[in-house]
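Chain residues, written in single-letter form:
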Amino acid sequence: MPISIIPKPMKLEKGTGYFELNKNTKINNDALQEMYGFLNVLLKNTSGYELELGKSENNVIHFTAYFDKEKSHESYVLEVTESSINIQSGGPAGAFYAIQTLRQMLPADFEKANSGIETWRIPCVKIEDSPRFSYRGMHLDVGRHFFPVDFIKKYIDILALFKMNRFHWHLTEDQGWRLEVPDYPKLTEVSAWRKETVVGHNNDKPQKMDGERYGGYYRQNEIKAIVQYAQERFITVIPEIEMPGHSQAVLAAYPEFGCVDKTYEVATTWGVKEDVFCPKEETFKFLEDVLTEVMDLFPSKYIHIGGDECPKKQWEESQLCQDLMKREGLKDEHELQSWFIRRIEQFLNANGRKLIGWDEILEGGLAPDATVMSWRGVQGGIEAAKQGHDVIMTPTSHCYLDYYQSRNSNEPLAIGGYLPLEKVYSYDPVPQELTPEQAKHILGVQGNVWTEYIKTPEYCEYMAFPRGIAIAENGWTANEQKDYDDFADRLADQLQRLDVMNVNYAKHIFDVDYEIAPAEGGGIALGLSTRSEDCQVVFTEQVEDNPRALNPLKNNPVIIKEPTRIQASTVCEPLGVNNILELFLNVNKASGKSIEWATPPHKNYNLGGKMALVNSISASDDRFNDGEWLAWNGEDFEATIDLGEVIDVERFETRFYNANGPWIYLPKSVEIAISEDGNDFKKVGEYADFENVEERTKAVNLPINAKARYLKVQATRYGIIPADRPGGGNEAWLFVDELMVF
Ligand code: TNX
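To keep things clear, this report deals only with the structure shown in the data block. (Residues numbered from 1 in each chain as written. Predicted model: local features only at pLDDT ≥ 70, side-chain atom pairs only at ≥ 80, totals over all residues. Heavy atoms only, no water.)

## Some details on the layout of surface pockets
Rules: The rule is simple: put a 1 Å grid over the protein atoms alone, call a set of points where a 1.4 Å probe fits but cannot get out a cavity, call an open set with protein on both sides within 12 Å along at least five of seven lines a pocket, and count a residue as lining if it has an atom within 4 Å of a point. Grid points are joined across faces, edges and corners, and a volume is the space filled by probe spheres set on the points. Where helices and strands are cited, they refer to DSSP runs of H or I of at least four residues and of E of at least two residues respectively, numbered from the N terminus. By the convention adopted, Pro, Cys, Tyr, Trp, Phe, Met, Ile, Leu, Val and Ala count as nonpolar, Lys, Arg, Asp and Glu as charged, and the other residues, Gly among them, as polar.
The volume enclosed by the second largest pocket comes to roughly 880 Å³. If you trace the second largest pocket, you find 34 residues lining it, with Arg407, Tyr418, Pro420, Glu422 and Asp513 closest to the centre. Those elements giving two or more residues to the lining of the second largest pocket turn out to be α13 (421-425), α17 (484-500), β22 (512-518), β23 (524-530) and α18 (611-614). Residue contributions to the lining of the second largest pocket peak at 5 residues, all from β22. Tallied by class, the residues present in the lining of the second largest pocket amount to 14 nonpolar, 9 polar and 11 charged.

Have a look at this one:
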């Protein structure tokens, strides 16, 4: 078994030979370390025996006294020789992590219950290890979909194997409340159940409902069992109770905590809801009662109170809120939200706990001691750290594991976006803008698993892993030590362990990847590859309606000169056929031609570079993050295509993305001008009818019918978003697809 430890340890020296662990191996625990027991839990499960305490020269595992205080309590040194294993650590957590490292050096069968194997070989090695960050977390939303206790334990098992130490449990949502609180029985009788759920994507029109009652909740004894289970694995469970937004399910049971006199129901569709808590005394009494219960159940120092996505409409229209703002001297509803959060913070602090909230808690002023979870990008985190607050980084761009992880056509429905494993892995949680002093406030990193579209444990595993494992390494391993190819190799080994643990992880590391370059004599050259040596690329092209079977790829790159549909996949030993990549290459006169742009795209949406605009691939309909969409923010779009020679041009075509939720707006107008020499441009077309477009993408098609070598495309940005639309007050994003010339 190769040594393939994840997260990658700080220092690893390979030895020769191996230690043989068997029934007669003794544990020497003179130093009275607490952790040797976990090794016995694993051994008992697979081999049916436990190691006994005892002294011995050979065949012995020593747990020695903790390091002195300077080192992290999570650090450890593990030395495996042919005659002994020595484990020294900074504390019980470090010893636990040494055991996880040992475990990862054992064959995958070690995870099998009753494997029938009694003797295990561990390669000789010396490892010194310590985490980069103290907070290494994974989140799970059980509000949108409910996940059973056994699954939560399995999730925790996987986190522990990769040395993560926080489980952020998102327990309440508009669509369901999941925590038993005896004093408020309607939370579990009413708020935990919705009458039906939207089918397909929330943006589909018309929306279809499934008509099926859905819900569930965790009993207090189940919660206690999970907290304890996690604790035994050095994972702190951080509960989240959402306020003041995402609280519609509570209002369905207790409408008196809302600002509007109406009948509320538990939400049945996804998205941001206007029904939010009203800052009344009754509401605070309720929240404090609930938080008291939460503090009894969860020993975590941190309590997460949400704070994200709270529309202010009902507060603006509520007399009570307006009076309260006047009385407290609050200048707007954002300050009212801050006042709300501060009041909750005081309550938590008075009970010896600390508050965490999503980055919206910065708006209107941060509560004095609050820790910020930066999700809408990294800016919130930067700002909070500059103000001297602790921060956990979890930006959508790198940590949202509910986004698509591949461009394959057979990918199950997800919320949108595009976040492949490699991009997750590339993340460095410390923003470059911070000074070393400010950077100390970055406590760590977390992967978020929002479950609007994740209905089953199997699909949850598929979305969470292996991307969550990349997050584990981002949280543990120093930046200079990280290397994606090396990670992928180690991962391929550890995935065998997850197979035995019956984890339905996604297998995209074996997928086909594509690269497009201009082909000589026109058209494009499509290069297909796979990173695994155990896989072979298979491929078919289909011109018009003429499909063929997937066959081994012979000529790479494939030269494509006319509109073509292609499918590609991999056949792997022993994994079988993988996911299918399907591309429509709409080869046109601009394919592979050179372009210049007036200003480059925003760095977050420039994965594909200039080629993404002329590679013939239309961007996806619902993943604005797919690398094929390029985006500008605060700048107009201007690009000039050079067709190489003066030719007949009939028309120009492109598309723009339209999703106001994430602040993406259509342009105000598009103009096209042509030239034969690149100096004298003549305007030949314009389009400006972008009002009231409901579709997710808008195609613009402009007739030209002239001779030209150069085409200049200009799109004037939407500009500042009006206050009453999503992202109000900010610059809108402009997303541009393929520039096509026919
Ligand atoms: C935003 S992240 C939300 C969630 C959604 C998620 C979907 C955050 C604090 N709020 O309510 O589930 O996007 O990606």
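## Some points on the packing of helix α16 (residues 467-476) against α17
A pair of packed helices is characterised by two quantities: the angle between their axes and the separation of those axes. To keep it simple, the criterion reads: Axis definition: a line fit to C-alpha positions, over the contact stretch in the case of helices; interaxial angles, taken between N-to-C directions, run 0 to 180 degrees. Roughly parallel means an angle under 35 degrees; roughly antiparallel, over 145; roughly perpendicular, 65 to 115; everything else is oblique. Should the near helix be turned counterclockwise from the far one by less than a right angle, the crossing is left-handed, whereas a clockwise turn marks it as right-handed. Residue contacts follow a heavy-atom distance rule, with two residues in contact if any of their heavy atoms lie within 4.5 Å.
Close contact between α16 and α17 brings their axes to 11 Å; oriented N to C, the two are set at 125°. With respect to α17, the element α16 is oriented oblique. As for the relative orientation of α16 and α17, their crossing is right-handed in sense. Judged by residue contacts, Ile469, Ala470 and Glu473 of α16 engage Phe487, Arg490, Leu491 and Leu498 from α17.

## Overview of the sheet that holds strand β26 (residues 558-560)
Worth spelling out the cut-off: At least two DSSP bridges between two strands are required for those strands to pair.
One open sheet accounts for 3 strands, arranged β22-β23-β26; its pairing is antiparallel. Edge positions in the open sheet fall to β22 and β26, since each of these has one partner strand only. Adjacent strand axes in the sheet meet at a mean angle of 30° when their direction is disregarded. The pairing of β22 with β23 spans 7 bridges and is antiparallel. When the bridges of β23 are listed, Tyr514 appears paired with Leu528.

## A short note on the pairing of strand β29 (residues 581-585)
Put simply, the rule is: Each residue is placed in one exposure class: buried if its accessible area under a 1.4 Å probe, protein chains only, is under 20% of its type's maximum, exposed if it is over 50%, and partly exposed if it falls in between.
Burial along β29 is one-sided: the face carrying Leu581, Leu583 and Leu585 is buried and the face carrying Glu582 and Phe584 is not. Alignment of strand β27 (residues 564-572) against β29, held across 5 bridges, turns out to be antiparallel. Its bridge partner being in β29, Arg565 is matched across the sheet by Phe584.

## Observations concerning the sheet that holds strand β16 (residues 236-243)
The 8 strands are arranged β8-β9-β16-β17-β18-β19-β20-β21 in a closed barrel whose pairing can be described as parallel. Adjacent strand axes in the sheet meet at a mean angle of 30°, parallel and antiparallel pairs treated alike. For strand β9 (residues 166-170) and β16, the ladder comprises 5 bridges, and the chain directions are parallel. What sits directly across from Phe167, in β16, is Val237. Relative to the sheet, helix α10 (residues 333-350) contacts β16, β17 (302-306) and β18 (354-358), its axis offset from that of β18 by approximately 150°.

These figures come from the coordinates and say nothing about function on their own.
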